[in-house]
Each structure stands twice: as C-alpha cells, then as structure tokens.
Amino acid sequence: VAAVLPASVSGSVSEATIDSAGNVVTNDNSIDESIGKREELKTHVLNLSPYRSDVYWDDGEYGVLITTLDPEESSTMNTFLGHQFFVTRHGVKEGLFDDEERLVFKVGQRDQTFYIPKNAAPSTKLCQDRFSICKDYSKNGACKRSPGWMIVHCCESCDEELNASELIDPKKRCSKEQLNTPEPVWEAGDLNKLFVNWATNETMKDEFGLEVLSSPEPEKYDATWEKAADGAPWVVVFNNFLSDSEVADLIRGGEMEGFERSTDQGAINEVGEMEKVVSKTRTSSNAWCMHSCERLSGVRSATNKIEEVTGISHVNYESFQLLHYDKNQFYRSHHDSSRTDDTPAGHRILTFFLYLTDVEEGGETYFNKLGLAVKPKKGKALVWPSVRDDNPNLWDARMFHEAKDVIKGKKMAANHWIHLNDYHTPNDWGCTGSFS
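Residues numbered from 1 in each chain as written. Predicted model: local features only at pLDDT ≥ 70, side-chain atom pairs only at ≥ 80, totals over all residues. Heavy atoms only, no water.

Draft legend 1. Expanded view of the overall build of the protein. Helix and strand content of the protein: twelve helices and 29 strands. For the protein, contacts bridging at least 24 residues in sequence account for 72% of all contacts bridging at least 6. Put simply, the protein shows about 20200 Å² of open surface, and 47% of that area lies on carbon and sulfur atoms. Where the 47 positive side-chain charges of the protein centre and where its 70 negative ones centre are 3 Å apart. (Helix = DSSP H or I, 4+ residues; strand = E, 2+ residues; numbered from the N terminus. Contact = heavy atoms within 4.5 Å. Areas by Shrake-Rupley, 256 points an atom, 1.4 Å probe, with all protein chains shown as cover. Lys, Arg positive; Asp, Glu negative; His and termini not counted. Charge placed at Lys NZ, Arg CZ, Asp CG, Glu CD.)

Draft legend 2. Looking closely at the side chain of Gln 329. Structurally, Gln 329 can be placed in the loop between strand E20 (321-325) and strand E21 (331-334). Overall, Gln 329 belongs to the buried group, its relative accessible area being 18%. Setting aside chain neighbours within four positions, we find Gln 329 in contact with Thr 283, Ser 284, His 324, Lys 404, Asp 405 and Val 406. (Buried < 20%, exposed > 50% of the residue type's maximum accessible area, 1.4 Å probe, protein only.)

Draft legend 3. View of empty space enclosed by the protein. One pass over the full model with this rule turns up one cavity of 30 Å³ or more. Roughly 110 Å³ of internal volume is contained in the largest cavity. For the lining of the largest cavity, a count of residues per class yields four nonpolar, three polar and three charged. (1 Å grid on protein atoms, 1.4 Å probe; cavity = no way out; pocket = protein on both sides within 12 Å on 5 of 7 lines; lining within 4 Å. Points joined across faces, edges and corners; volume = space filled by probe spheres on them. Nonpolar A, V, L, I, M, F, W, Y, C, P; charged D, E, K, R; others polar.)

Draft legend 4. Fine view of the nonpolar core. In this structure, Trp 198, Phe 238, Phe 241, Leu 250, Phe 320 and Phe 352 are the most contacted members of the largest nonpolar core, which totals 42 residues. Considering each element in turn, this core owes the most residues, five residues, to helix H8 (residues 190-199). Not counting residues up to four positions away in its chain, the partners in contact with Leu 250 are Leu 242, Val 299, Ala 302, Phe 320, Leu 322, Leu 354, Leu 356 and Ala 414. In terms of nonpolar packing, the next biggest core, distinct from the first, is built from 25 residues, Tyr 56, Ile 133, Ile 151 and Trp 429 among them. (Core = buried A, V, L, I, M, F, W, Y, C linked by side-chain atoms within 4.5 Å.)

Draft legend 5. Seen up close, unusual backbone geometry. Positive phi values are uncommon outside glycine, yet Asp 222 reaches one of about 55 degrees. Using a relative accessible area of 54% as the deciding quantity, one classes Asp 222 as exposed. One non-glycine residue, Asn 328, lies in the positive phi region at around 75 degrees. By the secondary structure assignment, Asn 328 is in the loop between E20 and E21.

Put into structure tokens, the structure is as follows:
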C-alpha cells in the first residue's frame, strides 16, 4: 500500500467550483489517463466547513487517519491515482455530508484540490453503514460479537439482526432494561469494609507490603503519612504488588498497542459517540490494553490479583490504561469520576494504579486537596476510592489528584478503573462513549 503523507500546502488550487456562499458546486472526479499508477501526486484539501474535520484514506476497512483540519485550514497529501478519502467530524467516525451526500474524494488529477464545503454537516439519517466492509462484518457474525460498535458504524447491515435502526438511539440501546444491568457491587459502608479488611489483614502486609497512608482513623490503622488526619479518605499502597514478569508484560502490552498522545473526553453525539479531545492539561502518552495485550500472561495475572484483593469481578473494570511519561510531561489536577454518573456502568469507585518503573526525580501522584504525594516505585500499587462510603453513587470531592512533572528519567504506569456496576456489557453495547 502506498504511503499517504501530510505535507505543507503548495501548488495550484481549484479543481472545484465554489458558489457565493462558499459551498462546493463541483469536485472534479474525472480521471487523467496519462497519469501512471506509480506516479506520486500532490493532493490538497481545504476545509471551508465550521467543523474540525478528520480526513481518512479509505483502505477498504475503516480508514487510516491522514490529517485533521480546523475550519479554514488546508493540507497537502502525497498520494496516488485512484486513492480515495473520506471526511468525518473530528474525534469520531461520524461522516460529513454535503446535502446528504457523503463527502468522498477520489484522486484522478495532478495537483488536485478538494473542498470540504461550508454546508458540510453530519447526516440527519442516523442509521447507515459508515464503511464498505460493514456487510462482510455482518455476514461474519460481528453484529452479535460487537453489537455497540456495529450498531453505530454498520447500522444498516445489522438492522435485521439487532433492530439497529431503533437501538441507534442510545436512550434505547443503553437503558438498564435493555442491558439487564445487575445490582451495584457496593452499597453504603462497603467501601470502608474493604479498606478495613486490607488494613487488618496480616497476609496483605506480608505478601504485598500493604501500607495505609491515609484513613478516617489514622491512629487505629497505623497510617504512615505524617499529616494523616481524622476523617480523611482512604489511600493505601501495596509496596510489592507486581512481579517483574507482570511489569514486563504490561510494558510490552503498551508497546504492542502503540502509545498515542493522551486525550480527554469531549462532547457526545446523537448516537452516543464521545469525541476525543487533545488535552491541554495532560501531556503523557497512553494505550489501552485490549485483544492480544489482554492475553499476555502477566497482564492476566495482574488483573486476577486485583480481583482477588478487591473481591470485585473484572467485568466491572475498564481495560488497563497504559501510561508513558517522558521528561517534563504531566497530568494536571483531575478527578477520576464525575460529580454525578447515571450511566449504566455507574461511577468509577476505585482506581488501582500500578507503577511500572522507578522515576529518578518527579512523577509523583499528588492528591491536591490532601497534600499527599506518592513517589513511583516499580511494582508498587496505589489505591484510592473516588466515591463516598456513605453513598457510593456520590463522588468524593477530596480525591482530586495529579501526575507531577517528570524531572529526570521516565515514568510508566498502568491502571484499572473499577466501576460500581458491570462495565463490560455497557461497553459491548456502545454505552460508555468508547467505540475502539
């Protein structure tokens, strides 16, 4: 497959006609027969629409992201005769249309310019197949294997099997009745019971090096942080939680998945897709441990170990988030849950954070409202709740934290976010905003 690479804009424009309102009247799709199949061509794209737009090369599957264009921005791509591109709203695979006709650009000329028109917008028809491969996926059983992804991306192909044209509406698809949501894993008082059990369990101390840093009763539970105060939230570490092989496989899994610049959660569209927004307060890279990564023996072992100590099944867990911080990278103050959460999976009730490297200087996890800093150490687990013991449906506003700047060395880490309710079923049905 020929490479398609962004470059700076140059050359002539105007393979299209633009009306007085800035809309495209024609995009020239004719083919210049004099162009050889191996001749590299420069193709320009100019975004006249109000949307930040992603341009994908159509690889016959779900596309390869080539460039992102802000309104009025342009880009040049090195490409070849017959290559085809499609355009989506940034951060999701929601296609942009011109008067209900999908924006697709096919390269057929030298120095060709395509326009994303001023009136480009998502289609008003929610149930459609976004990719040419949808029908093949449907025939191979993907509608039942990955219902959420298929309903959103291949709605037409799954309509007969799943009633996708109805379930494209997230209010219907993600109702507790549709998902058969089980009872929450915690009730009032269960948070405290778990941490008390850890703090009084000699096996936890002997096997995993449990250390209480902060607790509601610091003297009773031998909290080691010198500023621990009565009524404070629980924060504990397991100083030797991971084996070397578990650490190695978690790092390997991140390399397999590929680290990318970390993003924040953006707006949610009509079908339940959550936009990925490049963060201004988070400069790390991350990857999500799925598929082959999750099958690594050390990754399975780490998850099993967390299940054993928490007593909470992995069906309540998000996939491991794998993190990479280089020098001067950080994640400013944030909370792992939200003030209210009425989604099917419910609040993130626990963060089980694993350090995969020592850091020479910096990189501490710092709890802003407590003034507590935890230094990274290879194999150590840091655990804190994000909700209140008296009502796990409410967040604990004291648990804001940040990843301090790495001053010297690098920091690698992994975490499971554990939810109040089953997470896997809503995720399978496209009810968590993620469609990986």
